[in-house]
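# Commentary on secondary and tertiary structure
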Amino acid sequence: MIKQMREDTLQTLGLGTVLEIFKSGKLPANASEYVDKVFGKEGERGALVISGANGIVGAGKMMQFGVRLKEFGVPIIGLDFPGAADGLAQQYDGLAASFGVAESNEIMSSITRMNYDGKTLPPALKKYNPKFLLEAIPEILEIKKSHYEVFRKEFPGIEIRSVTSGFPESELGVGIAHPAFPHQINKVWETVEESPSDITKMLWALGMIPMPVSDDWSFVLDVLFCGVTLAASRYHEATNMPYWKIDKYVRKYFGPNPFRAHDVIGAKGANFLTWSCLAHLSKNYGEVYEPSSVLTERKDSGQNWYPLNHLRPIVNQKMGNGDEKLFETWILGPLIQMTSLILHEKRSHFTHINMLGEICAQFRSGVLAQIRKLGSEKCLQIVEDYHKLHPEAAENAWYPETIESLTGNDWNQLYVNAEHDGEIGVITIARESYNWDVNDELNRAIDWLKSENIKRVILTSDFHLTTQLVGAETSDFYPALYDKEEGKRISMEWSKTARRLHNEFESSVGFMRGKRCLGGMLELFLHCHYVVATNDLQVGAPEVNLPVVPGMEMCHWTFRKAKVEDWSKIANMMISGKFIKAQKTCGWLVDFAGSEEDAIKAAWSMASGPQQRRELKSSGMSIPKDIVSVTASGNKSLEQSRQAILNTIIDSCASSLSDALEIQSRHSAEFMTSKLCKDGVIGQDYSKTMNV
């Protein structure tokens, strides 16, 4: 029997738990199996049809599916009106940049374009035996419904999914597969169906990220994204601050640039979609969703929100005393109220709700994480203050009871989950970058497993939301740029959490999969007794390019576990900042690398019983000062950054293991307040984001 802190998001796809993956020694679904189920067996494959294929959504998904279905020989048909702008050709340069011209041409050769009049299908379509229609035509309900009827009449058994941003399945009569922008690279889909279908499982098996949501207007993502746009437009109406300036403040406090995003997507279409979602929401849920007059105006005009760059400084309004609180009220008030509706209607798994805001709407922290940090009392006060500014919003769709009690592991474990079978525990991370939230939740997960008397554990990504682990959340470093003690606190506390994986379990296994595991995330996994990776996973220490000094003990922990003859390999990885395939690091960084199935089995074996492990040296070690060259770049700043990392390696390795924690934290903190760091990526991001 498996016991969990909370439900795995993988379970919402009908794919079982992460612990069951390790127990079975294999993934719960593979692409070949589900391509067969959706499109038919090899040699008898039916086609994927994407209607509205020349639009921004359709063209993006043509590229995404083209890349993934090429090896399976699935024909892809792009259907659109004869006079539609050629959005597909505009995607080619990006495809070629990622895959090269030869492979891109091969991908494009699997795509057939057809024109139609909107009423009858081209006769040539029949020979392709369409099995799956992904509809990406304009958001007009009557047109969509007639479109489905045309396809059902011609192909009675065809599966249909709509990419709609707002219409529920109950209105459309078909399932929903709503993709997030940018459509050619973002892998997230909001899915609406009675139970997880073969199509949804195929999306997962192809490396995409389906998130089941309930059948309610605008689902989750567009309630949040359209909601923050609406809130920002209402703030403009209240203060007359320019849209581009409001964007800067929204980015400073919350993360997104809602007006700029509309311009990037294409203001004419994006303005209409946002207005449409809000108009339908307001009819069903009241005034808090009512489109503002400026949104309606932009919907009608299709005008961009941003002026030309050279016009922006002419109107450069700044906030005065007390304006920050007013801004918070106008933006957070409606967002908290809208979130209360999402929670009241149980629109999705808490982690999905939170991560849709981060991955897709670009919130720095998901809306649930923000609410949790503020606390229920402050959130209720913000909404109360908002209702004084906008009294009509208080009349409908406000559910304070969903915010009043922020308890239970659905709230407390938004990013990190833990489960066990009575013998072996699994800790899963559902966020690509390490931050204070992940750190706190990881500590709670470890505490829970220890309270359950679990002595063996596997640390892994969640096999769903995290397709890569990119390192530390650099925005968490902002306070450390001007406060050495804050930098030291980050390094010390995050390292102490990582050490628990080594110190508090009889056996701990770090299992790394996906595209890459870098920086702080890699440092976390390296604290486990054993480290297992899939062959093609890339590992690396990109800190030198930011630049920062690694703060979670890579500067000494990795050397303490490696042979002397391998020290130069570790130093070169850290000084160069280059990524390396995991299979090339066996013996000095990871303990095993293999195919996904072999790696899963190896991780389970290591967690299940005693294995020979690499010794972690606790005494001081003498690292040669010339172990690696720091002066070969011709770039003085890069050379200084390399020297700072090398000095940290030498000093922290020379001490005992217990003293090294303080030494490497001090080095990391001192460098973060240096001019080099302030002039680097993090310092520039801080200035661009926080100095508005």
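It should be noted that the structure appears before, not after, this text.
Now for a description of the structure that goes with this document. Along every chain, residues carry numbers that run from 1 in the direction the sequence is written. Owing to the predicted nature of the model, reporting of local features is limited to residues with pLDDT of at least 70; listing and counting of side-chain atom pairs is limited to 80 or more, with chain, interface and lining totals taken over all residues. Neither water nor hydrogens contribute to the side-chain values; these are computed over all heavy atoms in the structure.

### Let's talk about the overall build of the chain
Put simply, the test is: Starting at the N terminus, helices and strands are each numbered in turn, a helix being any DSSP run of H or I of at least four residues and a strand any DSSP run of E of at least two. Our radius of gyration is a C-alpha quantity, and the globule rule it is checked against amounts to 2.2 Å times the number of residues to the power 0.38. Categorising residues by exposure relies on relative accessible area from a 1.4 Å probe, with only protein chains included: less than 20% of the type maximum marks a residue as buried, more than 50% marks it as exposed, and the intermediate range marks it as partly exposed. Contact between two residues is taken to exist if any of their heavy atoms lie within 4.5 Å; hydrogens are not considered. Here the Shrake-Rupley method, with its probe set to 1.4 Å, supplies the accessible areas, and only the displayed protein chains count as covering residues. Note on charges: Lys and Arg go in the positive column, Asp and Glu in the negative column, and His and the chain ends are not counted at all. By convention, charge coordinates are those of NZ in Lys, CZ in Arg, CG in Asp, or CD in Glu.
Along the chain, the regular secondary structure elements total 30 helices and 20 strands. Over its C-alpha trace the chain gives a radius of gyration of 26 Å, about what one expects of a compact globule, namely 26 Å for 692 residues. Counting only C-alpha atoms, the chain reaches 75 × 70 × 55 Å along its principal axes. Across the 692 residues of the chain, 59% fall into the buried class. The long-range fraction of contacts in the chain, counting pairs at least 24 apart against all pairs at least 6 apart in sequence, stands at 75%. For the chain, the exposed surface amounts to about 26,800 Å²; the carbon and sulfur share of it is 48%. Between the mean site of the 74 positive side-chain charges and the mean site of the 86 negative ones, the chain shows a separation of 5 Å.

### Notes on the nonpolar core
Threshold: As used in this record, nonpolar core signifies buried Ala, Val, Leu, Ile, Met, Phe, Trp, Tyr and Cys residues forming a set joined through side-chain atoms within 4.5 Å.
Membership of the largest hydrophobic core comes to 168 residues, with the highest contact counts inside it found for Tyr-289, Ile-331, Ile-427, Met-512, Leu-524, Phe-559 and Met-574. Excluding residues within four positions of it along the chain, Met-512 makes contact with Cys-517, Leu-522, Phe-525, Val-531, Val-532, Ala-533, Thr-534, Leu-537, Val-539 and Val-590. With 56 residues, the next largest nonpolar core counts Val-18, Ala-29, Ile-50 and Met-208 among its residues.

### Comments concerning helix α14 (residues 293-301)
Heads up, the rule is: Here the arc refers to the set of directions running from the helix axis out to each C-beta atom.
Taken residue by residue, α14 has Val-294, Leu-295 and Arg-298 as its buried positions. The arc that holds the buried residues of α14, viewed along the axis, is 100°, so those residues lie on one side. In α14, those exposed residues whose orientation departs by more than 90 degrees from the buried face are Ser-293 and Asp-300. Residues of α14 that are buried make contact with α10 (221-239), α11 (243-253) and α13 (267-285). Among the residues trailing α14, Gly-302 stands out with phi positive, at a value near 70°.

### Re the sheet that holds strand β18 (residues 538-540)
Selection criterion: Each pair of strands is called paired provided DSSP finds at least two bridges between the two strands. Angles here are taken between N-to-C directions and fall from 0 to 180 degrees, while the axes themselves are lines fitted to C-alpha atoms, restricted in helices to the stretch in contact.
The mixed open sheet is built from three strands, whose spatial order is β16-β18-β19. What marks the edges here is a single partner per strand, and that holds for β16 (516-518) and β19 (580-581). Against the sheet, helix α23 (residues 519-526) contacts β16 and β18, and its axis sits at roughly 90° relative to β16.

### Some remarks on the side chain of Ser-51
We apply this condition: N or O atoms closer than or at 3.5 Å make up a polar contact, with two conditions inside protein: a donor-capable atom paired with an acceptor-capable one, and, for residues adjacent in sequence, both atoms drawn from side chains.
Along the chain, the position of Ser-51 falls in strand β2 (residues 47-51). Ser-51 gets classed as buried once you look at its relative accessible area, which sits at 0%. Here His-147 takes part through its side chain, which lies 2.9 Å from a polar atom of the side chain of Ser-51. Once residues lying within four places of it in the same chain are set aside, the contact partners of Ser-51 are Leu-79, Leu-133, Leu-134, Glu-135, Ala-136, Ile-137 and His-147.

### Structural notes on the environment of Thr-558
Along the polypeptide, Thr-558 turns up in helix α24 (residues 554-561). For the pair Thr-558 and Cys-653, spaced 95 residues apart in the sequence, the C-alpha separation amounts to 9.7 Å. Only 2.6 Å separates the side chain of Thr-558 from the backbone oxygen of Met-554, close enough to count as a polar contact.

### Digging into the sheet that holds strand β4 (residues 111-115)
Taken together, eight strands build an open sheet; the order of strands is β4-β3-β2-β5-β6-β7-β8-β9 and the sheet is mixed. Since the sheet does not close on itself, it has two edges, and those belong to β4 and β9 (209-212), each with one partner. On average, each strand axis in the sheet is tilted by 25° relative to the strand beside it, whichever way the strands run. Direction of pairing for β2 relative to strand β3 (residues 76-80): parallel, over a ladder of four bridges. Counterpart to Ser-51 in the pairing with β3 is Leu-79.

### Topic: the packing of helix α21 (residues 436-451) against helix α22 (residues 484-503)
Spelled out, the test is: Each angle receives one of four descriptions, namely roughly parallel if under 35 degrees, roughly antiparallel if over 145, roughly perpendicular if within 65 to 115, and oblique otherwise. In this scheme the crossing of two helices becomes right-handed for a clockwise turn of the near helix relative to the far one and left-handed for an anticlockwise turn of less than a right angle. Gly falls in the polar group here, along with every residue not listed as nonpolar (Ala, Val, Leu, Ile, Met, Phe, Trp, Tyr, Cys, Pro) or charged (Asp, Glu, Lys, Arg).
One can describe the packing of α21 onto α22 by two numbers: an axis separation of 10 Å at closest approach and a directional angle of 30°. Classed by the angle they form, the pair α21 and α22 counts as roughly parallel. In terms of crossing hand, the pair formed by α21 and α22 is left-handed. Across the interface between the two elements, Trp-436, Asn-439, Leu-442, Asn-443, Ile-446, Asp-447 and Lys-450 from α21 touch Glu-486, Arg-489, Ile-490, Glu-493, Trp-494, Thr-497, Arg-500 and Leu-501 from α22. Here the residues of the contact of α21 with α22 sort into six nonpolar, three polar and six charged.

### Some words on the packing of aromatic side chains
Any two aromatic rings considered together are summarised by their centre-to-centre distance and by the angle between their planes. So the rule is basically this: Centres within 6.5 Å make a pair out of two Phe, Tyr or Trp rings, where for Trp the six-membered ring is used; the pair is then stacked when the planes are under 30 degrees apart, edge-to-face when over 60, and tilted otherwise. Whether a charge lies above a ring is judged from NZ of Lys or CZ of Arg, which has to be within 6 Å of the ring centre and within 35 degrees of the ring normal.
Summed over the entire model, instances satisfying the criterion amount to 26 aromatic pairs. Measuring from centroid to centroid gives 5.8 Å for Phe-65 and Trp-189, while their planes differ by 55°, and the two rings are tilted. In this pair, Phe-65 sits in helix α3 (residues 56-69) while Trp-189 sits in strand β8 (residues 188-192), placing the two residues 124 residues apart along the sequence. With a relative accessible area of 1%, Trp-189 lands in the buried category. When the ring centre of Trp-305 is taken as reference, the NZ or CZ atom of Arg-298 above it lies at 4.9 Å. Between Lys-299 and the ring centre of Trp-275, over which it is positioned, the NZ or CZ distance is 4.1 Å.

### Focus: the pairing of strand β7 (residues 175-179)
Among the five residues of β7, five are classified as buried, and the element is accordingly described as predominantly covered. Where burial is concerned, the two faces of β7 agree: the one with Gly-175, Ala-177 and Pro-179 and the one with Ile-176 and His-178 are both buried. Bridging between strand β6 (residues 159-162) and β7 involves two bridges; their strand directions are parallel. What sits directly across from Arg-161, in β7, is Gly-175. Inspection of the sheet shows β7 paired to β8 by four bridges, in the antiparallel sense. Paired with His-178 across the bridge in β8 is Glu-190.

### Re unusual backbone geometry
Cis peptide bonds are those with omega within 30 degrees of zero, and the linkage from Phe-181 to Pro-182 qualifies with -5°. In this fold, Pro-182 is placed in the loop between β7 and β8. Note that the residue after Leu-546, namely Pro-547, is joined by a cis bond; omega there is -10°. As for its placement among the helices and strands, Pro-547 is situated in the loop between β18 and α24. Even without a glycine there, the phi angle at Asn-453 is positive, about 65°. Looking at the secondary structure, you find Asn-453 in the loop between α21 and β13 (456-461). Even without glycine at this site, Glu-553 takes up a positive phi of about 85°. You can see Glu-553 is positioned in the loop between β18 and α24. On the basis of relative accessible area, Glu-553 is assigned to the buried category, the value being 0%.

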